[in-house]
Amino acid sequence: MIGCRCDVCRSTDPRDKRWRPSVFLRTDSGQSILIDSSADFRSQALQFDIERLDAVVFTHSHADHILGLDETRRYNVLQREAIPLYGDHRTIGDLRRVFDYAFGNSHAAHGYVPQLTPFVIGGPFTIGRDLITPVPIMHGTRPIYGYRVANFAYLTDCSLIPEASWPLLADLDLLVVGALRDREHPSHFTLEQAVDAARRSGAKRVLFTHMSHELGHVATCARLPTGMELAYDGLVVAL
Ligand SMILES: [Zn+2]
Ligand SMILES: [Zn+2]
Ligand SMILES: [Zn+2]
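Presented here is an overview of the structure given in this document.

Thresholds, definitions, all that
Residues numbered from 1 in each chain as written. Chains lettered and ligands numbered in written order. Predicted model: local features only at pLDDT ≥ 70, side-chain atom pairs only at ≥ 80, totals over all residues. Heavy atoms only, no water. Core = buried A, V, L, I, M, F, W, Y, C linked by side-chain atoms within 4.5 Å. Buried < 20%, exposed > 50% of the residue type's maximum accessible area, 1.4 Å probe, protein only. Helix = DSSP H or I, 4+ residues; strand = E, 2+ residues; numbered from the N terminus. Arc of directions from axis to C-beta. Contact = heavy atoms within 4.5 Å. Pairing = 2+ DSSP bridges. Axes fitted to C-alpha atoms, helices over the stretch in contact; angles between N-to-C directions. Phe/Tyr/Trp six-rings, centres within 6.5 Å; stacked < 30°, edge-to-face > 60°. Lys NZ or Arg CZ within 6 Å of the ring centre and 35° of its normal. Donors = N, O, S within 2.8 Å, 3.2 Å for Na, K, Ca; no water. Tetrahedral: all angles 85-135°; square planar, octahedral: opposite > 155°, others 65-115°. Salt bridge = Lys/Arg side-chain N within 4 Å of Asp/Glu carboxyl O.

All right, on to the nonpolar core then. Core analysis: the biggest nonpolar cluster contains 27 residues, and L155, I161, L169, L175, V177 and F208 have the highest contact counts within it. For this core, the secondary structure elements donating two or more residues are β7 (130–139), β9 (152–155), β10 (174–178), α6 (191–201), β11 (205–209) and β12 (228–230). If you tally residues by element for this core, the top one is α6, at 5 residues. Judged by nonpolar contacts, the second largest core, of 20 residues, contains L25, I35, V57 and V176.

Right, here's the structure in full:
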């Protein structure tokens, strides 16, 4: 956290150095899918060698999850094609407003801007041959999406999982779920609430994400149940 001198912010453990939240998927059928273009996307793409981007899928339009979108213009050049974006109605509307310059009709007149093809989604859709299933969750008072791809689900920025969404979380090999801190927050799970949700899902493996500086990596992992850990930047999981 900017200007903070707490133990976690001063930690030398690289797992306590956290960029903004997102996840990058490479599927068996060869699709490279980014979930959320975080404010740190450029640094993340350079650090972790993201050479290709077939689509960006958005959970919601808060600044930490969208502000790296402009950087996708590099993939327009590398791939010579527009990048499809997927999100709910409100999120796509916000992207059009915030990145207004990228959605004009005349790219040439505006110079080097990202070429993006937005799709409003309200249910399962496909990217290439991969089925992507939105999982409706609540982020405070705002309904947003988590996503399921095969036996993996990503639910960041979650404060409640509605009853109707639980069947979408059955038989998971890996669940990634947001856990902000120990103290309650109006729009994020606490660590305890995230552990409860993870238990109820029955997922084989659980990783927590979107932690604040109140949760240090080593100390927090030491008090988590077996099969549950904090994720960290650059963590790679094969499924
Ligand atoms: Zn701190
Ligand atoms: Zn949010
Ligand atoms: Zn967030």
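The next thing to look at is α6. Buried within α6 are the following residues: L191, A194, V195, A197, A198 and S201. For α6, the angular spread of buried residues about the axis comes to 165°, placing them on one side. Opposite the buried face of α6, by more than 90 degrees, sit the exposed residues E192 and R199. In this structure, the buried side of α6 is in contact with β10, β11, α7 (217–221) and β12. Downstream of α6 by one or two residues, G202 has phi in the positive range, about 75°.

This next bit is on the sheet that holds strand β1 (residues 23–26). Whenever strands of a sheet pair, they do so through backbone hydrogen bonds, lying parallel or antiparallel. Taken in spatial order, the 5 strands of this open sheet run β1-β2-β3-β4-β5, and their pairing is mixed. Pairing within the sheet leaves two strands with one partner each, and these edge strands are β1 and β5 (116–120). Each adjacent strand pair in this sheet contributes to an overall mean axis angle of 20°, direction not counted. Relative to β5, strand β4 (residues 83–87) is paired through 5 bridges, and the arrangement is parallel. Following the sheet pairing, P84 is matched in β5 by T117.

Tallying each qualifying case throughout the model produces 6 aromatic pairs. Ring centres of F41 and Y75 lie 6.3 Å apart, and the angle between their planes is 45°; this geometry places the pair in the tilted category. With a gap of 34 residues between them, F41 in helix α1 (residues 41–47) and Y75 in helix α3 (residues 73–79) connect regions that are remote in the sequence. In this structure, F41 and Y75 share a single accessibility class: buried. The interplanar angle of 20° and the centroid separation of 4.6 Å between the aromatic rings of Y86 and F125 together place this pair among those described as stacked. With a gap of 39 residues between them, Y86 in strand β4 and F125 in strand β6 (residues 125–127) connect regions that are remote in the sequence. Judged on exposure class, the residue Y86 and its partner F125 are both buried. Feature note: the residues Y86, F119 and F125 constitute an aromatic cluster, connected by ring pairs. Across from the ring centre of W166, 4.2 Å away, lies the NZ or CZ of R200, which sits over that ring.

Bringing the coordination of the zinc ion (ligand 3) into the picture now. The coordination sphere of the zinc ion (ligand 3) contains the protein donors D64 (OD), H65 (NE2), D157 (OD) and H210 (NE2), at a distance range of 2.1 to 2.3 Å. Relative to the metal, the 4 donor atoms surrounding the zinc ion (ligand 3) lie at angles of 92 to 159°, and the coordination shape comes out irregular. Within one chain, the residues serving as donors to the zinc ion (ligand 3) are arranged as D-H-x91-D-x52-H. The two metals, the zinc ion (ligand 3) and the zinc ion (ligand 2), are separated by 3.5 Å and share D157 as a common coordinating residue. Separated by 146 residues along the polypeptide, D64 in helix α2 (residues 63–66) and H210 in the loop between β11 and α7 bring together distant segments of the chain. On the basis of relative accessible area, D64 is assigned to the buried category, the value being 17%. Classification of H210 as buried rests on a relative accessible area of 16%.

All of the protein donors around the zinc ion (ligand 1) are C4 (SG), C6 (SG), C9 (SG) and H213 (ND1); their distances to the metal are 2.0 to 2.3 Å. Metal-centred angles of 106 to 114° between the 4 donor atoms at the zinc ion (ligand 1) mark the site as tetrahedral. In primary sequence terms, the donor set of the zinc ion (ligand 1) follows C-x1-C-x2-C-x203-H. You can call C4 partly exposed: its relative accessible area is 22%.

Inspection of every chain in the model, using the stated rule, returns 14 salt bridges. For D70, the salt bridge identified is with R73, shortest N-O distance 3.6 Å. Among the charged side chains, a network of salt bridges with common partners joins R52, D54 and E81.

Remember, this is a structural readout, not a statement about activity or role.
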